[in-house]
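# Remarks on the overall topology
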Amino acid sequence: MANNTAKLDLDGKIYELPLIVGSENEKAIDIASLRAQTNHITFDDGYGNTGSCKSEITFIDGDLGILRYRGYPIEELAEKSSFIEVSYLLIWGHLPNKAELTEFSNLLSQEQTIHANMKHHFEGFPSTAHPMAILSSMINAVSAYYPELLEGYNPAHFKLQAARLISQVRSIAAFSYRQSHGLPIIYPKKSLKYTPNFIHMMFSEPYDEFVIDPAVTKALDLIFLLHADHEQNCSTSTVRMVGSSRANLFASTAAGVCALWGPLHGGANQAVIEMLLEIHASGDDGRKFIEAAKDKNSGKKLMGFGHRVYKNYDPRAMIIKKACDDVLKALKINDPLLDIAKHLETAALSDPYFVERKLYPNVDFYSGIIMRAIGIPVEMFTVIFAIGRMPGWIANYKEVSDNQGTRIYRPRQIYTGPINQKYIPIDQR
Ligand code: SDX
């Protein structure tokens, strides 16, 4: 780089601000001294151009459609790795050797059962409660059984806490599904690995044999893996924000669940299927819906399309779209929603509105098709996203907590409200 500072010409003075260059050659202007030097702050509504931290976990190139976990391309991990191996990679920064993976897997099995008293919390929810409301509250409820969490971040306890969270988020999700459908709770089996155990807890019956289809296990493990981390997205930034106050791991990830719930974020996978069902029921071939999505006054968006960072095809969507065909074929399912989704994609990607704005399918556009095919109810889709994203949230929480220099996240603002108000007694208002 020619020089390693940026010059700012402001009020007749020239200020020099240092430049930062990342390992993938991303460039930033370090404005840490800006307010002290110029009495100005920056303004960036929605943080679209603001780096909140340095991170070694995940890299995205939105223009090229690149996603790498700790430097490994998502395509290679999707083909060769597993959700639990990728979870280890994200949290501890290297692919585990056999001993490390066995130890971690055993820890997940050891910590998979939630306290029996937790069932009273599940019973307290109405059957209509959204599973994301249950999930966020249960993560904090579970933490009450681990008082050592209250001491804050302790590297000596972290692996146990991380394993508990990754393992039990799965049990909480399955229990909330069973509870809301009036089904008996199914406890995890020691003999089953992570993803098949979740399928067992979700769908087996205490009075009948239940065969776990390997195609279902493979598809769900891929969904978890592809959702495992994604830089400073809304929910991960929330986990870092809460973790920066030195709140404990469970409190921080429970906050992440709440952020993920929004339909513009993780809730989009549920919204996509609801959109496809609406289109299917209306007999529209998708063109009417696309016109509505282009009309700002319609209140509709093409859910599963667009992304703050990807201005190219989301590599995860590419992988999931291919997996859709494989999973539906393996399960001998013909889902008309897949054809509608493919038609919508083709129509949108040839429409100037979407092309000019570089709106492509994102991870949520096809993921619901797979989840439907393996029997996950639509209201559980975002919970599946949360289970997948848990290792990424934990990795980011660890990165914030390990860095002794981390300051509490506290953005500034530009005040635009009323000034110099005088108090008026109520009988004069
Ligand atoms: C996830 O950040 C991550 O990494 C998130 C995620 C992860 O793994 O954590 O990848 C997961 O959240 C994926 C995104 C899921 N959400 C959706 O699919 C909801 C639909 N998408 C949009 O709401 C939107 O694209 C966002 C929220 C994803 C991105 O919003 P931005 O970056 O704020 O973009 P924007 O709203 O400023 O859009 C720019 C333009 C606007 O039009 P103009 O004002 O320029 O005329 O594009 C339009 C928008 O109206 N637009 C869309 C659209 N998305 C953007 N128009 C119709 N349909 C859409 N889906």
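Here we summarise the structure given alongside this text. (Residues numbered from 1 in each chain as written. Predicted model: local features only at pLDDT ≥ 70, side-chain atom pairs only at ≥ 80, totals over all residues. Heavy atoms only, no water.)

Turning our eyes to something else, we now look at the nonpolar core. When a protein is soluble and globular, its nonpolar side chains tend to lie buried together. In this structure, Ile139, Phe198, Met275, Leu276 and Ile376 are the most contacted members of the largest nonpolar core, which totals 114 residues. Apart from residues lying up to four places away in sequence, Phe198 is in contact with Arg170, Ala173, Ala174, Leu220, Phe224, Ile376, Ile384 and Ile387. (Core = buried A, V, L, I, M, F, W, Y, C linked by side-chain atoms within 4.5 Å. Buried < 20%, exposed > 50% of the residue type's maximum accessible area, 1.4 Å probe, protein only. Contact = heavy atoms within 4.5 Å.)

The full set close to the ligand counts 23 residues, and His230, His307, Arg308, Arg316 and Arg389 are the nearest of them. One nitrogen or oxygen atom from the main chain of Leu302 is found 2.9 Å from a nitrogen atom belonging to the ligand. Contacts to the ligand include Arg357, whose side-chain N or O atom sits 3.1 Å from an oxygen atom. Contact with the protein chains covers 76% of the free accessible surface of the ligand, which is 1,100 Å². Partitioned by chemical class, the residues of the shell around the ligand number nine nonpolar, seven polar and seven charged. (Near = heavy atom within 4 Å. Polar contact = N/O pair within 3.5 Å; in protein donor to acceptor, adjacent residues only side chain to side chain. Areas by Shrake-Rupley, 256 points an atom, 1.4 Å probe, with all protein chains shown as cover. Nonpolar A, V, L, I, M, F, W, Y, C, P; charged D, E, K, R; others polar.)

Looking now at the packing of aromatic side chains. In total, this model carries 19 aromatic pairs according to the counting rule given. Taking 6.3 Å as the distance between ring centres and 80° as the angle between the ring planes, the aromatic pair formed by Tyr194 and Phe224 counts as edge-to-face. Of the two residues, Tyr194 is situated in helix α8 (residues 194-203) and Phe224 in helix α9 (residues 214-226); the sequence distance between them amounts to 30 residues. For Tyr194, a relative accessible area of 6% puts it in the buried group. Assessed through its relative accessible area of 0%, Phe224 is described here as buried. Centre to centre, the rings of Phe305 and Phe365 are 5.1 Å apart; their planes meet at 85°, and the pair counts as edge-to-face. Linking Phe305 in the loop between α13 (287-294) and α14 (315-330) with Phe365 in helix α17 (residues 363-373), this pair joins segments that are 60 residues apart in sequence. Per residue, the accessibility class of Phe305 equals that of Phe365, and both read buried. (Phe/Tyr/Trp six-rings, centres within 6.5 Å; stacked < 30°, edge-to-face > 60°. Helix = DSSP H or I, 4+ residues; strand = E, 2+ residues; numbered from the N terminus.)

Moving on: the sheet that holds strand β5 (residues 66-69). Ordered by their spatial adjacency, three strands build an open sheet running β4-β5-β6, and the pairing between neighbours is antiparallel. Two strands in the sheet have a free side with no partner beyond their single neighbour: β4 (58-61) and β6 (72-73). The pairing of β4 with β5 spans four bridges and is antiparallel. Considered in β5, the bridge of Phe59 is made with Arg68. (Pairing = 2+ DSSP bridges.)

In this model, helix α12 (residues 268-282) (15 residues) spans 21 Å end to end at C-alpha, consistent with the 21 Å of a helix rising 1.5 Å per residue. Those residues of α12 that sit buried are Ala268, Asn269, Gln270, Ala271, Val272, Ile273, Met275, Leu276 and Ile279. Elements that come into contact with the buried residues of α12 comprise α13, α15 (336-348), α17 and α18 (381-402). In the segment just after α12, Gly283 is the residue with positive phi, at about 75°. (Expected span 1.5 Å × (residues − 1).)

With the rule as written, the count across this model stands at 18 salt bridges. The salt bridge partner of Arg240 is Glu399, with a shortest N-O separation of 2.9 Å. Note that Arg240 is positioned in helix α10 (residues 234-243) and Glu399 in helix α18, a separation of 159 residues in sequence. Per residue, the accessibility class of Arg240 equals that of Glu399, and both read buried. Between Lys300 and Glu278 there is a salt bridge; the shortest N-O distance is 3.2 Å. Taken as a pair, Lys300 in the loop between α13 and α14 and Glu278 in helix α12 lie far apart in primary sequence, 22 residues in all. (Salt bridge = Lys/Arg side-chain N within 4 Å of Asp/Glu carboxyl O.)

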